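Here's the letter readout for the chains.
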Amino acid sequence: MTTKQKTAYVCNDCGADYRKWQGQCSECQAWNTVSEIRLGASGRQVNRARSGFAAAADNTVKLLSDIDLDEIPRISAGASELDLVLGGGLVPGSCILLGGEPGAGKSTLLLQMLCQLATHHPALYVTGEESPQQVAMRAARLELPTDHLQIMAETSVEALCAVAERKRPTLMVVDSIQVMHLEDVSSAPGSVSQVRESASMLVRFAKQTNTVLILVGHVTKDGSLAGPKVLEHMIDCSLMLEGSNDSHFRTLRSQKNRFGAVNELGVFAMTDRGLKEVANPSAIFLQRDSEVSSGSVVMSVWEGTRPLLVELQALVDDSHLGNPRRVTVGLDQNRLSMLLAVLHRHGGIMVGDQDVFVNVVGGVKVLDTSADIALILSVVSSFRDQSLPDDLVVFGEVGLSGEIRPVPNGQERLREAAKHGFKRAIVPLANAPKKAISGMQVTPVRRITEALDVFL
Ligand code: TYD
Ligand code: MG
């Protein structure tokens, strides 16, 4: 009997499925990205997996209230910043995708983690990009305990699953998913169909054997994971390791987490001894000169479950271009344009003929809208060349009509700032604390003009 070869058509950009070829992807509107993939054996694999699931399904129907929550043991990842981002540790049978640009430190982070955990849990490091010698050399240089970690150089998923079936590791790292391939899929490693099929087989393997699976994924220049979005549906937790090359700080952010809060941020520093966790991130990002120059202000942004104090710098200078420049590092550029329009319309300050550059110090990416008011203050401070007090902290969202809107967790932000020695704060009216915070003079404001009047 011949099995019918199944084909599917998949968009290389977004991973959407089609039954027929088409020139434009209806999902992401990209042209010429739909290509044919062959699903030779994976049909068989699906059937095999189904029969496995059927056997398990009999005694698994329970009332939600009967499920014992303590039954899910968490494996500590060995570093508190990592545990924080993971939502409390690694969950057996879960799949984690660790993304990041080349050189971000993904391999280093995972090697450090696995070497430490291998002393208590059987762990397997599958390297498809580096040779075992290279990995061993790095581990030796970082002085990691190497006598328990099993390592294997392999790019075939079938071979890998066969080995893992015998070794039964509790933790398995696959570095990286882009070099893995299934023999039955005809396209090249790294293509959508290979990544998708390889990952789905590995994920199935992890679920059936209760293994913690960590996949490394590279990101493209625009910051999305190379290959398909489809990966994000399959995995339980998606982490992104970010940081610019000129800064040795790396931030680890969870973008999706079935077991914890998203947008939780862990901070690491890349040293000559590998990645070290930074226990008190605010203290690092706040290292400022004793004399604060104009355009600099400290803001409190909310990252996951905790406040982070970071310095924001702006430089406003006469433009010699017809179209003045608006450059942001670590912030959304559209948000800057919007806030400059608000500043003009409701604050009466016109910077239309000025180049505006803003930078979040330390290479942190800020997604929180509570940075708005800091942005306005730093731009005006630089424009007027007046510096703000060095013990001032600000947070608050700015609306299109120039009003200052409240943000969540005002109290915690103020308390964290007080802990770091800040003595003055500009906050939205609704975030003003009911009980005074000792050592902190809080100025609640309603409109951007009020915020500007305080010090500028
Ligand atoms: P790596 O983990 O190989 O990155 P990825 O797997 O994400 O591509 O990290 C490589 C970078 O880290 C490289 O630029 C050198 C730097 N590095 C250090 O600065 N110190 C160290 O101890 C190590 C191991 C790497
Ligand atoms: Mg690597």
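Keep in mind that this is a model prediction, so the values were computed, not measured.

The rules we used
Just so you know, the residues in each chain are numbered from 1, in the order the chain's sequence is written. Just so you know, chain letters begin at A and ligand numbers begin at 1, following the order they were written in. Reporting of local features is limited, given that this is a predicted model, to residues whose pLDDT is at least 70; pairs of side-chain atoms are given and counted only at 80 or more, and all residues count toward the totals for whole chains, interfaces and linings. Hydrogens are left out, water is left out, and the side-chain values use all remaining heavy atoms of the structure. Classification of ring pairs rests on two measures: the distance between centres of Phe, Tyr or Trp rings, Trp counted by its six-membered ring, which must be within 6.5 Å, and the angle between planes, read as stacked under 30 degrees, edge-to-face over 60 and tilted in between. We count a charge as sitting over a ring when the NZ of a lysine or the CZ of an arginine lies within 6 Å of the ring centre and within 35 degrees of the ring normal. For each residue, the test is whether any non-hydrogen atom lies within 4 Å of the molecule or strand; if one does, the residue is near. A 3.5 Å cut-off defines polar contacts: any pair of N or O atoms within that distance qualifies, except that in protein one atom must be a possible hydrogen donor and the other a possible acceptor, and neighbouring residues in sequence count only when both atoms are side-chain atoms. Accessible areas in this description were obtained via Shrake-Rupley with a 1.4 Å probe; residue shielding takes into account the shown protein chains only. Per the convention used, a helix needs a DSSP run of H or I reaching at least four residues, while a strand needs a run of E reaching at least two, with both numbered from the N terminus. Strand pairing is assigned whenever DSSP detects at least two bridges linking the two strands. For helices, the axis comes from a line fit to the C-alpha atoms of the stretch in contact; other axes are also lines fit to C-alpha atoms, and the angle between any two N-to-C directions lies between 0 and 180 degrees. Whether two residues are in contact is decided by their heavy atoms, any of which lying within 4.5 Å being enough. Note on disulfides: each one is a pair of cysteine sulfur atoms within 2.5 Å. Definitions used for this entry: grid spacing 1 Å over protein atoms alone; cavity, a set of points where a 1.4 Å probe fits but cannot get out; pocket, an open set with protein on both sides within 12 Å along at least 5 of 7 lines; lining residue, one with an atom within 4 Å of a point. Grid points are joined across faces, edges and corners, and a volume is the space filled by probe spheres set on the points. Three categories are distinguished: nonpolar for Ala, Val, Leu, Ile, Met, Phe, Trp, Tyr, Cys and Pro, charged for Asp, Glu, Lys and Arg, and polar for the others, with Gly belonging to the last. The split of the chain into domains comes from an automatic or database domain assignment. Take the accessible area each of two parts loses on contact, using a 1.4 Å probe, and add the two losses: that sum is the buried area. By convention in these notes, a salt bridge is any Lys or Arg side-chain nitrogen within 4 Å of a carboxyl oxygen on Asp or Glu. By nonpolar core we mean a set of buried residues, namely Ala, Val, Leu, Ile, Met, Phe, Trp, Tyr and Cys, connected to one another through side-chain atoms within 4.5 Å. Exposed residues in this analysis have more than 50% of their type's maximum accessible area, buried residues have under 20%, and partly exposed residues fall in between, with area computed by a 1.4 Å probe over protein chains only.

S.K.: I'd like a description of the packing of aromatic side chains, backed by residues and values.
M.R.: Taken as a whole and judged by the stated rule, the model has zero aromatic pairs. The side chain of Arg413 reaches across the aromatic face of Phe395, ending 5.2 Å from its centre.

S.K.: An account of the site of ligand 1 is needed here, citing residue identities and associated values.
M.R.: Neighbouring residues of ligand 1: 16 residues in total, closest Gly103, Lys106, Ser107, Thr108 and Thr271. Between ligand 1 and the protein, one listed contact pairs an oxygen atom with a side-chain N or O atom of Ser107 at 2.6 Å. Contacts to ligand 1 include Thr108, whose side-chain N or O atom sits 2.5 Å from an oxygen atom. Its free accessible area being 560 Å², ligand 1 has 72% of it covered by the protein chains. Among the secondary structure elements, those contributing two or more residues to the shell around ligand 1 are α3 (106-117), α4 (132-141) and β11 (265-271). Examining the composition of the shell around ligand 1, we find that three residues originate from one element, α3, more than from any other.

S.K.: Tell me about the sheet that holds strand β21 (residues 441-445), residues and numbers included.
M.R.: Across the sheet, which stays open at both edges, the seven strands sit in the order β15-β16-β14-β13-β17-β20-β21 with mixed pairing between neighbours. Unpaired on one side and paired on the other, β15 (326-329) and β21 mark the two borders of the sheet. Across the sheet, the axes of successive neighbouring strands diverge by a mean angle of 25 degrees, strand direction being ignored. Strands in contact with helix α10 (residues 372-384) are β13 (296-303), β14 (306-318), β16 (354-360), β17 (392-394), β20 (424-428) and β21; relative to β14, the strand with the most contacts, it is inclined by about 35 degrees. The sheet strands contacting helix α12 (residues 448-455) are β17, β20 and β21, and the helix crosses β21 at an angle near 145 degrees.

S.K.: An account of the state of the cysteines is requested, with residue identities and associated values reported.
M.R.: Evaluated as defined, the whole model comprises zero disulfides. Its sulfur unpaired, Cys25 is 3.7 Å from the next cysteine sulfur, which belongs to Cys28.

S.K.: Residue-level account of empty space enclosed by the protein, with values.
M.R.: In total, this model carries two cavities of 30 Å³ or more according to the counting rule given. Quantified by volume, the largest cavity comes out at close to 60 Å³. Lining the largest cavity, in full, are Leu82, Leu86, Leu90, Ile96, Leu98, Leu109, Leu110, Met113, Ile214 and Leu239. Only α2 (80-86), β4 (95-100) and α3 provide two or more residues apiece to the lining of the largest cavity. Broken down by element, the lining of the largest cavity gets its largest block of residues, three residues, from α3. Across the lining of the largest cavity, the residue classes tally to ten nonpolar, no polar and no charged. In this model, the second largest cavity occupies a volume close to 40 Å³.

S.K.: Tell me what's going on with the domain arrangement of the protein chain, and back it up with residues and numbers.
M.R.: Domain parsing of the protein chain yields domain 1 (1-38), domain 2 (40-56 + 72-279) and domain 3 (284-455). Distance from the C-alpha centre of domain 2 to the C-alpha centre of domain 3: 37 Å. Domain 2 puts 14 residues into the contact, and the matching count from domain 3 is ten residues. Buried area between domain 2 and domain 3, summed over both chains or domains, comes out near 1100 Å², and the portion from carbon and sulfur atoms is 56%. The largest contributions to the domain 2 side of the interface with domain 3 come from Phe249, Arg253 and Leu265, which together make up 39% of the buried area. Inspection of the region where domain 2 meets domain 3 yields two salt bridges. In this structure, the salt-bridge partner of Glu303 is Arg253, at a minimum N-O distance of 2.9 Å. At the boundary of domain 2 with domain 3, the tally comes to four residue pairs in polar contact (both at pLDDT 80 or more). If you list the elements that add at least two residues to the side of domain 2 that touches domain 3, you get α2, β10 (249-257) and β11. Counting residues per element, the side of domain 2 that touches domain 3 draws most heavily on β11, at three residues. Split into classes, the residues belonging to the side of domain 2 that touches domain 3 amount to seven nonpolar, three polar and four charged.

S.K.: Please provide a residue-by-residue account of the nonpolar core, values included.
M.R.: Counting residues in each nonpolar core, the largest one holds 46 residues, and the members touching the most others are Met299, Leu343, Ile373, Val379 and Val394. The biggest single contributor to this core is α10, with seven residues. A domain split of this core shows at least three residues from each of domain 2 (40-56 + 72-279) and domain 3 (284-455). When near neighbours in sequence (up to four residues on either side) are disregarded, Val394 contacts Val297, Val298, Met299, Ser300, Ile373, Ala374, Leu377 and Ile426. Counting residues in hydrophobic clusters, the runner-up holds 36 residues, among them Ala79, Leu98, Met113 and Leu171.

S.K.: I'd like a rundown of the side chain of Glu303, residues and numbers included.
M.R.: Structurally, Glu303 is set in strand β13. Given the relative accessible area of 3%, Glu303 is considered buried. Within the structure, Glu303 has its side chain in polar contact with the side chain of Arg253 (distance 2.9 Å). Excluding anything up to four places from it in sequence, Glu303 contacts Arg253, Asn263, Glu264, Leu265, Leu308 and Lys365.

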